[in-house]
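Here are the chains, one letter per residue:
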Amino acid sequence: MAAGLAEGAVLRCGGTRPADPALRDGFYYPPTVLDECGPGMSVVRDESFGPVLTVERFRTEDEAVALANDTVYGLAGAVWTQDGERAHRVAARLRAGTVWINDFHPYVPQAEWGGMKQSGFGRELGPSGLAEYQEAKHIWRNLAPRPQGWFS
């Protein structure tokens, strides 16, 4: 987060460890919002694995998709809109293993989980996850064998 501030991001909330003595010895970090971020900033490009949200602005749907896909990672993302057609159109264009629409982070065992690009390989959960534990085998049976004439 400090690198993002040094690169020009504006801290809107969070950004420090909690002052509550009961939380002093734990690994707690409050939700943090960094505004006025750009695609070249480390807080945008690197995975923080913390409750840190970066705000990037866009004018068009194409620009939003380009910003979202401009990363080597692709674990998950979300689309927030009241336009159902737009939500599905944008979700289909995002290079992420999971895309939520008007929600964030629900998981159910029936749905596959896994990333794209450098955020994971393979799938867990759902039918695709079960398929990871299976070995496919192809068996061909000719019910009417006859000479093939391969070697005239």
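Residues numbered from 1 in each chain as written. Predicted model: local features only at pLDDT ≥ 70, side-chain atom pairs only at ≥ 80, totals over all residues. Heavy atoms only, no water.

Caption draft 1: Up close: the packing of aromatic side chains. This structure, assessed with the given rule, holds three aromatic pairs. On the basis of an interplanar angle of 85° and a centroid distance of 4.4 Å, the ring pair of tyrosine 107 and tryptophan 113 is categorised as edge-to-face. Judged by its relative accessible area of 36%, tyrosine 107 is partly exposed. What links up through ring pairs into an aromatic cluster is the set Trp100, Phe104, Tyr107 and Trp113. (Phe/Tyr/Trp six-rings, centres within 6.5 Å; stacked < 30°, edge-to-face > 60°. Buried < 20%, exposed > 50% of the residue type's maximum accessible area, 1.4 Å probe, protein only.)

Caption draft 2: Spatial organisation of the environment of glutamine 82. Mapped onto the fold, glutamine 82 is located in the loop between strand 4 (76-79) and helix 4 (84-93). You can call glutamine 82 exposed: its relative accessible area is 85%. A C-alpha to C-alpha distance of 17 Å links glutamine 82 and valine 65, two positions 17 residues apart in sequence. (Helix = DSSP H or I, 4+ residues; strand = E, 2+ residues; numbered from the N terminus.)

Caption draft 3: Expanded view of the pattern of salt bridges. Scanning the entire structure with this criterion turns up eight salt bridges. For the salt bridge of glutamate 61 with arginine 93, the shortest nitrogen-to-oxygen distance reads 3.8 Å. Taken together, the residues span a long stretch of sequence, with glutamate 61 in helix 3 (residues 61-69) and arginine 93 in helix 4 at a distance of 32 residues. A relative accessible area of 15% places glutamate 61 in the buried class. Ionic pairing is found between arginine 93 and aspartate 62, a salt bridge with its closest N-O pair at 2.9 Å. Linking arginine 93 in helix 4 with aspartate 62 in helix 3, this pair joins segments that are 31 residues apart in sequence. Here the salt bridges share partners, and the residues they tie into one network are Glu61, Asp62, Arg86, Arg89 and Arg93. (Salt bridge = Lys/Arg side-chain N within 4 Å of Asp/Glu carboxyl O.)

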